[in-house]
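Fold and contact review
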Amino acid sequence: MGVETHSHDAANSAKGVSPQRGLVVSGVEKAYRTTVARWGRKYVSSELKVLEDINFKAPPGQVVSLLGPSGCGKTTLLRIIAGLAQGDGGTITLDGRPVVGPSKDKAVVFQHFGLLPWLDVISNVAFPLRLDGVPHDERIAKAEHYVKLVGLAGFEKHHPHSLSGGMQQRVGIARALARDPSLLLMDEPFGALDAQTREILQEELLSILSKTGNSVVLVTHSITEAVLLSNTVLVFSTLPGRIKHAVEIPQRASDVSAAAARTSPERKEIERELREMLREDEEAVA
Amino acid sequence: MRAPDSKQTTPSFGEGAGRRMSIAELLGTYPNLVRGISLILFMCFWEFTGRRMDPIFMTYPTAVFQAAIGLAASGELLRGLLQSLGPFIIGMAISIVFGIALGLAMGLSRVFEYAVDPYVNALNAIPRVALVPLIILWCGLGVLAKVVIVVSVAIFPIIINTYSGVRDVRGVLLDVGNAYSATRWQSLRFIVLPAAMPFIMAGIRLGLSLGIIGMIVAEFFTAINGLGGIIVEYGNTFQTAKMFVAIFVVGTMGVVLTEAAMALERRWASWRASERNRE
């Protein structure tokens, strides 16, 4: 399938006792079907293949980016992993257990934040714990910890509509962390923010992840964002979405300073390569 | 990160004595001043013209005031009010509970919606006054008939608003519930219901004002008692001033209930207004 996989994967699965730690996606496919009903029978009127033979791994503590043009199925893939949509084939496992639907060891950060507008910041962050039936004082204490972690101390009683977009997404991230999930799924989390806010949040996400150590699957169409935040960048082709290339980033920016990482010539070179990989596709379409 | 905005609660009046407002500015700044002046002028006009007219057709404010004292002192007014409120409160409670339940069920289940919407639409389209003789036939002239008439008008805006509220819940909010593995009950309780609350409250407010109409209509046609009974009785005996007392009480009841519903709406559904302002 033309996937360049580096030896990294093999090294990981050779670690021994629990080779299935983290997220493993193998052979996932998805097609959208339009159906018509006629005389009590259902006919498929058209079929659009959006994902074909998707295979990748996100070991614990690693960030994997799904990079590709709009409409390449990357958000669909994220929704399938989250359990919000059904795949047509293939298997997904998280820490060795098959993923069949939403579960408490996964958390989603939504592009448009998805905060509950009638709850204040602290209650939004505590929402997943409320679903778990955690007693009030305990969940508030836990939520306060994550509100602080994302830098929103002092805003606990504010409602989402009184916060800027960047602050709303901080709430979204804090809520996702509240259950301490092993996998964080982020759907273009900074796509709805202005450029400066996006850069600040990218850097803060790096420092948060270095403290929490979750695995992350990040959907993005920004090359810079993918290179800055990930260990592995999966480049998607469009329709049907396939993984064209898997590119390892030698050193994730959390290990060096993010500001330095943005301008390092090494990264600029990777960004240039990725841009070319994405362009191949456009030229083929044109 | 900037500090939380401290809301400025004490306005600063600045330096100096301030400028005296012109009359036009005063009227524009204090709406209740304008309302008060308007009411006083209207009362004067009414008092002046009312005294010159045949008392069978028209009365005047001081006569209404005297009639009010008389009716209150005899206990007739309070008795009428209580007779009206009983069936009204029962009818509203039934309308709110069953209206919300039906609206939720219709909004959540397509099959249930299809099964029920012919009746909801048909009943809602029939002017309910047309059903009053039938209701009397079935339920007699007592409290039951009154309750049924109140419910028949008040329940529909609550059903329809609850249904639209459930349908209006944005997909992304339902996704949030699913993504955090909420059960069906949790997603109803923590997402659908609060998201639909602004619609439900507006439906209850509409239901209250329609319910008052239903209550008066019921009292006109069934056992003639309560505030509607007072209106009919004194209307038929040409005691116009006493009739006006009951009309004012009904009007006040409407204003108080609507204001109370709006206060609850502001409390439980304020997020929607502030969200809209932001957009």
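Reading the values: rules and limits
Residues numbered from 1 in each chain as written. Chains lettered and ligands numbered in written order. Predicted model: local features only at pLDDT ≥ 70, side-chain atom pairs only at ≥ 80, totals over all residues. Heavy atoms only, no water. Helix = DSSP H or I, 4+ residues; strand = E, 2+ residues; numbered from the N terminus. Rg over C-alpha atoms; globule rule 2.2 N^0.38 Å. Buried < 20%, exposed > 50% of the residue type's maximum accessible area, 1.4 Å probe, protein only. Contact = heavy atoms within 4.5 Å. Areas by Shrake-Rupley, 256 points an atom, 1.4 Å probe, with all protein chains shown as cover. Lys, Arg positive; Asp, Glu negative; His and termini not counted. Charge placed at Lys NZ, Arg CZ, Asp CG, Glu CD. pLDDT = per-residue confidence, 0-100. Buried area = accessible area lost by both parts, 1.4 Å probe. Salt bridge = Lys/Arg side-chain N within 4 Å of Asp/Glu carboxyl O. Polar contact = N/O pair within 3.5 Å; in protein donor to acceptor, adjacent residues only side chain to side chain. Nonpolar A, V, L, I, M, F, W, Y, C, P; charged D, E, K, R; others polar. Pairing = 2+ DSSP bridges. Right-handed = clockwise from strand over helix to strand, strands pointing away. Phe/Tyr/Trp six-rings, centres within 6.5 Å; stacked < 30°, edge-to-face > 60°. Lys NZ or Arg CZ within 6 Å of the ring centre and 35° of its normal. Axes fitted to C-alpha atoms, helices over the stretch in contact; angles between N-to-C directions. Core = buried A, V, L, I, M, F, W, Y, C linked by side-chain atoms within 4.5 Å. Parallel < 35°, antiparallel > 145°, perpendicular 65-115°, else oblique. Left-handed = near helix turned anticlockwise from the far one by under 90°.

A tally of helices and strands in chain B yields 11 helices and zero strands. For chain B, the N- to C-terminal ordering of α and β elements is α-α-α-α-α-α-α-α-α-α-α. Whereas a compact globule of 279 residues would reach a radius of gyration of roughly 19 Å, chain B reaches 25 Å, over 25% beyond that. Classification of the 279 residues of chain B by burial places 38% in the buried group. Residue pairs in contact within chain B that sit at least 24 positions apart in sequence constitute 73% of those at least 6 positions apart. Here chain B has roughly 16,600 Å² of accessible surface; of this, 68% comes from carbon and sulfur atoms. Put simply, chain B has 22 plus and 16 minus side-chain charges, and the middle of one group is 3 Å from the middle of the other.

If you tally the helices and strands in chain A, you get nine helices and 10 strands. Burial statistics for chain A: of 286 residues in total, 51% are counted as buried. Accessible surface, chain A: about 12,800 Å² in total, of which carbon and sulfur atoms supply 52%.

Turning our attention to the confidence of the model for chain B. All names here are of chain B. With 92% of its residues at a pLDDT of 70 or more, chain B has an overall mean of 87. pLDDT under 50 marks residues 1-8. Its contacts with residues more than four places away, or in other chains, come to 10 contacts. Prediction confidence for the complex, expressed as pTM and ipTM, is 0.80 and 0.80 respectively.

Turning next to the interface of chain A and chain B. With 34 residues of chain A at the contact, the number on the chain B side is 24 residues. When the two sides are added together, the surface that chain A and chain B hide from each other amounts to roughly 2,500 Å², 67% of it contributed by carbon and sulfur. Of all residues in chain A, A:W118, A:L131 and A:H161 give up the largest surface area on contact with chain B, accounting jointly for 28% of the area buried on that side. B:D175 is the partner of A:R79 in a salt bridge, and the nearest nitrogen-oxygen pair spans 2.8 Å. Along the contact surface separating chain A from chain B lie four residue pairs in polar contact (both at pLDDT 80 or more). Listed by contribution, the elements that provide at least two residues to the side of chain A that touches chain B are β6 (106-109), α3 (121-131) and α5 (165-177) of chain A. With six residues, the single largest contributor to the side of chain A that touches chain B is α5(A). Tallied by class, residues from the side of chain A that touches chain B come to 17 nonpolar, 10 polar and seven charged.

Side chains on a regular strand alternate between the two faces of the sheet. Residues and elements named next belong to chain A. Counting buried positions along strand β7 (residues 183-187) gives five out of five residues, so the element sits mostly inside the fold. Here β7 pairs with strand β8 (residues 215-220) via five bridges, running parallel. The residue bridging L185 from the neighbouring strand is V217, located in β8. After leaving β7, the chain enters helix α6 (residues 195-212) and then returns to the sheet as β8, a path that is right-handed.

Residues and elements named next belong to chain B. Considering all chains together, one arrives at four aromatic pairs over all chains under this definition. Here the aromatic rings of F42 and W46 are separated by 6.0 Å at their centres, their planes lie at 40 degrees, and the arrangement is tilted. Residue F42 and its partner W46 are located together in helix α2 (residues 31-50), separated by four residues, close to a single helical turn. Each residue in the set F42, W46, F244 and F248 is aromatic and connected to the rest through ring pairs, giving one cluster. Positioned above the aromatic ring of F48 is the side chain of R52, whose terminal nitrogen or guanidinium carbon lies 4.3 Å from the ring centre.

Looking now at the sheet that holds strand β4 (residues 89-94) of chain A. Residues and elements named next belong to chain A. Strand order in the open sheet made by the four strands is β2-β1-β4-β5, with antiparallel pairing throughout. Strand pairing shows two members of the sheet lacking a second neighbour, β2 (41-58) and β5 (97-98), which therefore form its edges. Where strand β1 (residues 23-38) and β2 come together, 13 bridges link them in antiparallel fashion. From the neighbouring strand, R33 faces β2, where its bridge partner is E47.

The phi torsion at A:D180 lies on the positive side, around 50 degrees, for a residue other than glycine. Positive phi is not limited to glycine here, since B:S181 has a value of about 45 degrees. Note on placement: B:S181 falls in the loop between α8 (171-179) and α9 (184-221). Since its relative accessible area comes to 17%, B:S181 is described here as buried.

Summed over the entire model, instances satisfying the criterion amount to 19 salt bridges over all chains. One salt bridge in this structure joins B:E25 and B:R19, with 3.1 Å as the shortest N-O distance. In this structure B:E25 comes out as partly exposed when scored by relative accessible area, which is 31%. Looking at B:R19, the relative accessible area reads 65%, which means it is exposed. Salt bridges sharing partners connect three or more residues here, namely A:R33, A:E47 and A:D88.

Turning our eyes to something else, we now look at the sheet that holds strand β3 (residues 63-67) of chain A. Residues and elements named next belong to chain A. Strand order across the open sheet formed by six strands is β6-β7-β8-β3-β9-β10, with mixed pairing between neighbours. Where the open sheet ends on each side, the last strands, each with one partner, are β6 and β10 (242-248). Put simply, the sheet's adjacent strands are angled 20 degrees from each other on average, direction ignored.

If you look at the biggest cluster of nonpolar residues, it comprises 124 residues, and the most contacted ones within it are A:L23 and A:F56. Of all the elements, α9(B) adds the most residues to this core, at 13 residues. Core analysis: the next-biggest nonpolar cluster, separate from the first, contains 12 residues, A:V227, A:V233, A:L274 and A:M277 among them.

What follows is about the confidence of the model for chain A. Residue and element names in this part refer to chain A. This prediction gives chain A a mean pLDDT of 82; 88% of its residues lie at or above 70. Of all secondary-structure elements in chain A, the lowest mean pLDDT belongs to helix α1 (residues 8-13), at 42, while α3 reaches the highest, 93. Here residues 1-17 is modelled with pLDDT under 50, and outside its nearest four sequence neighbours on either side it reaches 18 contacts, counting other chains as well.

All names here are of chain A. At their nearest, the axes of α5 and α6 sit 11 Å apart, and the two run at 20 degrees to each other. For the element pair α5 / α6, the angle class is roughly parallel. For the pair α5 and α6, the sense of crossing is right-handed. Note on element contacts: α6 touches α5 through T197, I200, L201, E204, L205, I208 and T212, opposite G166, Q169, R170, I173 and L177. Of the residues that constitute the contact of α5 with α6, the class distribution is six nonpolar, four polar and two charged.

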